[in-house]
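One-letter residues, chain by chain:
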Amino acid sequence: FIDVIGSTTFAVNHSPEEVVEELNKFFEHVVQVVHRNKGIIKFQGDAALAVFGAPLNVYDSASMALQAARELRGEVRGLELQAGIGVAAGHVVAGHIGGADRFEYTVIGDAVNEAARLTELAKDTPGQVLTNAATLKTANEAEQARWTMMKSIELRGRHRMTQLARPIRATLAERSEV
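Residues numbered from 1 in each chain as written. Predicted model: local features only at pLDDT ≥ 70, side-chain atom pairs only at ≥ 80, totals over all residues. Heavy atoms only, no water.

### Some remarks on the overall build of the chain
Of regular secondary structure, the chain possesses 7 helices and 9 strands. For 178 residues, the compact-globule estimate of 2.2 N^0.38 gives 16 Å, and the C-alpha radius of gyration of the chain, at 16 Å, lies within 12% of that figure. Considering only residue pairs separated by 6 or more positions, the chain has 56% of its internal contacts joining residues 24 or more positions apart. Summed over its atoms, the accessible surface of the chain is roughly 10200 Å², and 54% of this surface lies on carbon and sulfur atoms. One way to put it: in the chain the 19 positive side-chain charges average out to a point 6 Å from where the 22 negative ones average out. (Helix = DSSP H or I, 4+ residues; strand = E, 2+ residues; numbered from the N terminus. Rg over C-alpha atoms; globule rule 2.2 N^0.38 Å. Contact = heavy atoms within 4.5 Å. Areas by Shrake-Rupley, 256 points an atom, 1.4 Å probe, with all protein chains shown as cover. Lys, Arg positive; Asp, Glu negative; His and termini not counted. Charge placed at Lys NZ, Arg CZ, Asp CG, Glu CD.)

### Notes on the pairing of strand E2 (residues 39-44)
Bridge analysis of E2 against strand E3 (residues 47-52) gives 6 bridges, and the strand direction is antiparallel. Note on E3: the bridge partner recorded for Ile40 is Val51. Linking E2 to E3, which pair antiparallel, is a turn of 2 residues; within it Gly45 sits at a positive phi near 65°. (Pairing = 2+ DSSP bridges.)

### Describing the sheet that holds strand E9 (residues 161-167)
The sheet built from 7 strands is open, its strands ordered E2-E3-E1-E4-E7-E9-E8 with mixed pairing. Each edge of the sheet is formed by a strand with only one pairing partner; in this case those strands are E2 and strand E8 (147-154). Neighbour-to-neighbour, the strand axes of the sheet open up by a mean angle of 25°, direction not taken into account. Helix H2 (residues 16-36) contacts strand E1 (2-4), E2, E3 and strand E4 (83-87) of the sheet and is inclined by roughly 155° relative to E2. Of the strands in this sheet, E1, E4, strand E7 (129-132), E8 and E9 touch helix H4 (residues 110-122), which is tilted by about 145° from E4. (Axes fitted to C-alpha atoms, helices over the stretch in contact; angles between N-to-C directions.)

### Observations regarding the layout of surface pockets
As a volume, the second largest pocket reaches approximately 490 Å³. As for the second largest pocket, its lining consists of 29 residues, of which Ala50, Val51, Phe52, Ala65 and Ala88 are closest to the centre. Broken down by element, the residue count for the lining of the second largest pocket peaks at 6 residues, all from helix H3 (residues 61-76). Considering only residue class, the lining of the second largest pocket consists of 23 nonpolar, 6 polar and no charged. (1 Å grid on protein atoms, 1.4 Å probe; cavity = no way out; pocket = protein on both sides within 12 Å on 5 of 7 lines; lining within 4 Å. Points joined across faces, edges and corners; volume = space filled by probe spheres on them. Nonpolar A, V, L, I, M, F, W, Y, C, P; charged D, E, K, R; others polar.)

### Description of H2
An ideal rise of 1.5 Å per residue puts 30 Å on 21 residues; H2 measures up with 30 Å between its terminal C-alpha atoms. Val19, Glu22, Leu23, Phe26, Phe27, Val30, Val33 and Val34 are the residues of H2 that are buried. End-on, the buried residues of H2 take up no more than an arc of 125°, which puts them together on one face. Set apart from the buried face of H2 by more than 90 degrees, the exposed residues are Glu17 and Asn24. Among the structural elements, E1, helix H1 (7-13), E2, E3, H3 and E4 are those in contact with the buried residues of H2. Residue Lys38 follows H2 closely and has a positive phi angle near 65°. (Expected span 1.5 Å × (residues − 1). Buried < 20%, exposed > 50% of the residue type's maximum accessible area, 1.4 Å probe, protein only. Arc of directions from axis to C-beta.)

### Considerations on the packing of aromatic side chains
By the definition in use, this model includes 2 aromatic pairs. Members of the aromatic cluster, each reached through a chain of ring pairs, are Phe26, Phe27 and Phe43. (Phe/Tyr/Trp six-rings, centres within 6.5 Å; stacked < 30°, edge-to-face > 60°.)

### Regarding the nonpolar core
Among the nonpolar cores identified, the biggest contains 31 residues, and Ile2, Phe26, Val30, Phe52 and Leu72 are the most heavily contacted of them. Within the second largest apolar cluster, 7 residues are counted, among which are Phe1, Ala54, Val107 and Ala115. (Core = buried A, V, L, I, M, F, W, Y, C linked by side-chain atoms within 4.5 Å.)

Any functional reading would require information that these geometric values do not contain.
Quick look at the structure:
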């Protein structure tokens, strides 16, 4: 999930046209990063759900999702709108939900709920990107090496502890390579 931080305050202090303009600038970056990493995107107001591995099977979808989250953090740096980003992998059902007159493609499952909870926490975390240890363990070694483990917490609505992880800050040497 990618959820804009402070969108209500932004909307109060700007015209609807300005809000739409800034959201479109922000989401242009989101779309590019998600597509570059073989994901699809679904917009939900001032938030977006990026899906990796459905409807098309993607090799190493967890690594692609984690890489996209890291890249997106850098892509939106300096924009007026910022966002919390949460990544969770797991078993979901992907398909069309709705009624006879309106169906919408989405994913349903605990991993989606966990990503939403991680996104809320990410808004108040340095770097504003979070995942959990279980998701990180399913990623390839190169991607795992770009993250650091943090404390374990009980996410809202859950009765078990979740160990958090966030991207390691790029060193000056790594930044010059990019």
